Amino acid sequence: MAKHETPLLDQLESGPWPSFVTDLKRQAETHPDVYDILGQLELSYKDRITHWKHGGIVGVFGYGGGIVGRYSDVPERFPGVEHFHTIRVAQPASKYYSTENLRKLMDLWEKHGSAVTNFHGSTGDIILLGTRTENLEPFFWDLTHEMGQDLGGSGSNLRTPACCLGQSRCEWSCYDTQETCYHLTLHYQDEIHRPAFPYKFKFKFSGCPNDCVAAIARSDISVIGTWRDEIRIDQAAVKEYVAGNYPANGGSHSGRDWGPFDVNKEVIDLCPTECMWMEGDELKIDDKECTRCMHCINVMPRALRPGADQGATILVGAKAPILDGAQMSTLIVPFMKIEKENEYEELIEFIETVWDWWMEVGKNRERVGETIQRVGLPTFIKVMGVDPIPQMIRTPRENPYVFWAEEEVEGGFERDIDEFRAKHAA
Amino acid sequence: MGYNPEKPMEGRITDLGPPHYEQFMPAVIQKNKGKWLWHEIIQPGVLMHKSETGDEVYTVRVGSPRLITCVHVREICDIADAHCDGKLRFTTRNNIEFMVDAKDKVQPLLDDLASRDNKFPVGGTGAGVTNIVHTQGWIHCHTPATDASGPVKAVMDDLFDYFTSMTLPAQVRIALACCLNMCGAVHASDIAILGIHRKPPMIDHKRITGVCELPLAVASCPLGAVKPTKAEVDGEEIKSVKVTVERCMFCGNCYTMCPAMPLADPEGDGIAILVGGKISNTRSAPKFSKLVIPFLPNNTPRWPETVEAIRKIVKAYAKDARKYERVGEWAERISWERFFEKCDIPFTEKSIDDYRLAYDTWRTTTQFKFTSHIK
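Criteria and cut-off values
Residues numbered from 1 in each chain as written. Chains lettered and ligands numbered in written order. Predicted model: local features only at pLDDT ≥ 70, side-chain atom pairs only at ≥ 80, totals over all residues. Heavy atoms only, no water. Helix = DSSP H or I, 4+ residues; strand = E, 2+ residues; numbered from the N terminus. Buried < 20%, exposed > 50% of the residue type's maximum accessible area, 1.4 Å probe, protein only. Contact = heavy atoms within 4.5 Å. Phe/Tyr/Trp six-rings, centres within 6.5 Å; stacked < 30°, edge-to-face > 60°. Pairing = 2+ DSSP bridges.

Student: Could you clarify how one ought to interpret the environment of A:E240 in this entry?
Tutor: Residues and elements named next belong to chain A. Locating E240 in the fold gives a position in helix α9 (residues 235-242). According to the relative accessible area criterion, E240 is partly exposed, its value standing at 29%. Between the C-alpha atom of E240 and that of M300, which follows or precedes it by 60 residues, the distance is 10.0 Å. When residues no more than four places from it in sequence are discounted, the contact partners of E240 are N245 and Y246.

Shown next, in the form of structure tokens:
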């Protein structure tokens, strides 16, 4: 492939943030197809529009997902990107890697593909960006045989689950997000690779209500760590914070002089449930009123820790706006123990109850959150076999239009109009 | 060995899933998993986690363009080999994390990173701007209304000092999605950069019969703007669709379902800015981002209007918000009318919702502020 002039992209080589253009040029020296990536991207910068065709169904035998077909609409000018299919490779939990593993994967990708990647895609996969149809099977062979690794999800299937770094390096994680994510990913390989759902379906696992993997905004089933006993307090450390000896919020505000730490202003007054106060130099919390928002724990990490009776809150139905508008997940199970000992039996039963119902009533390209909106939350909780609790709602309904069922009303719905008229003339 | 196209199913291995995570974790992480007690950001981009065993792990967080090549990944590996026993991780916001098990190993790592031009900026912690979560744009996608890596580079160049420092009232999460499909899930970000279309789809009658299931194209429109019709191609009548233009909200869902309905356009496409979303449950509930700037043009290669708009919002927020207050919490406290005024953003009817559930966003109280909007 020849080098192309890229005067517009060249302007993205200056500035302090690392430049993807400089990087692509460096790679092109040993992998000349990358010149055509730069060439076509330059054309898009000139024309201010994409030059990729719509769709193209490609894949490897036996899988219905994991590869996204893509073709250039100007292949005669940029033959190096005539086919530019993306491969999604399932990422290890919390995105830890050994350099040995990464180097091997890069060797494979230079051999079979464009040598361009994303670390990572929005759902969490390793994205290998651009290869030809005839390279897909050889790449997949090498990926599975030489590396023991596998593709992720795409299409109307379970997408590759993702988790925060959890207990591996965070003191707040209320369950082992990595092990849960890994276990369920292996448990549901068929659902990830062979699309059988009305639309895409995502799991995300966050260890605490800070929700670092955005489970509540982005996953159909959001598993977010929480606890149901008391916040653990180290009163000696509280004193150190009050005395200004420990930096507030783990030092995250140290770039500006915000004045001396004020436990009232920065912790107690910002508590959304007003359930904290100082008694002398001791911090008190009325834990039964606490909604576990994490603010006080975030601000005083050396003094406060989540309680010890830990589990997760399960919420359902988040999605981005297409089509009926964005949805956050809705709380369905306030507290569930998430434990490997029983192989996540309770969580798996929950997931499969959702799927069995959604696969039957969900419309084509309807996310489960939209299905729930369409049939109503009361119907969904009946399907799930859970009792209605006020924790599921922000406020009680503001209209009186209850769908009473016949069996709930004394005497049922059947009545005789003649009997009625005998007492009530028309 | 390798794949044999003559016998494609022979020796095939499937459904392996991802490799087990534990083999990739640094030794100090493996040993202390579940035992961490507290953490502290000791300088921008450097975190220290303390374990109940007394162990410490120092993490150096480094920005990345996300779109990276094999050459760049190998350079990341070189750094991890030299300093971190060959282990590293990536964050959900596309940062790289290098971990060492002793404080005296931090400075040599920082020096090494600094010696590699600007490829490995250290930062993205605490009350600052961390890396921008984003999508593909023109490098790979068939439906984008803007590029992704280019605008991200331009915005991060401009906000770079906020990446390497911790001077803001709280963290500011910026995300970019190059069309309304929102693969980047920007809908709950402090500042969202969203590619939008503004021209209705064209109908490629010559192609539609071969590539499109007409009932699916009709059903794809959430507003019923796509209707069946007949068209003439080379003197022959064919079944096709038409678009009721005044009902089109430019979501592009029809193009997703039907390749014969392209809608991207150099003048029609551009960027909308939404602000005030958050994911975390801290203090207030998670919130969606709200549309405050309906359109900015795709002026390549550096999107100056978008860069300026975001800088103005971040500066106004930095000056005015209280410690810990996220952009959305700040806007709600000072009122949205004041937000528009302080950020010097003209308010237009485009910020008044007229889609489903719009009424939830209308003001139904006598409480308001007399800002410059009231003439």
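Student: Even after reading the chapter, I still don't get the packing of aromatic side chains, so can you show me in this structure?
Tutor: One pass over the full model with this rule turns up 34 aromatic pairs over all chains. Summarising the aromatic geometry, the rings of A:W17 and B:F160 are spaced 6.4 Å apart at their centres and angled 70° between planes, so their arrangement reads as edge-to-face. You can see A:W17 sitting in the loop between α1 (7-10) and α2 (20-28) and its partner B:F160 sitting in helix α5 (residues 160-163), one on each of two chains. As far as the burial class goes, A:W17 and B:F160 line up, both buried. With centroids separated by 6.4 Å and ring planes inclined at 25°, the aromatic side chains of A:Y97 and B:F24 adopt a geometry described as stacked. Note that A:Y97 is positioned in strand β3 (residues 96-98) and B:F24 in the segment before α1 (27-32), a pairing that runs across two chains.

Student: Honestly, the pairing of strand β2 (residues 46-51) of chain B in this entry has me stumped. Any pointers?
Tutor: Within a regular beta strand, the side chains point alternately toward one face of the sheet and then the other, so they alternate between its two faces. All names here are of chain B. Of all six residues in β2, five are buried; the element is thus mostly enclosed. Relative to β2, strand β1 (residues 36-43) runs antiparallel, the two sharing six bridges. The partner of Q43 across the bridge, within β2, is V46. Adjacent in sequence and paired antiparallel, β1 and β2 are bridged by two residues, among which G45 carries a positive phi angle near 90°. Pairing analysis gives five bridges linking β2 to strand β3 (residues 56-62), with the strands arranged antiparallel. Looking at the pairing, L47 lines up with T59 of β3. Linking β2 back to β3 in an antiparallel pair, the connection comprises four residues, with G54 at a positive phi of about 95°.

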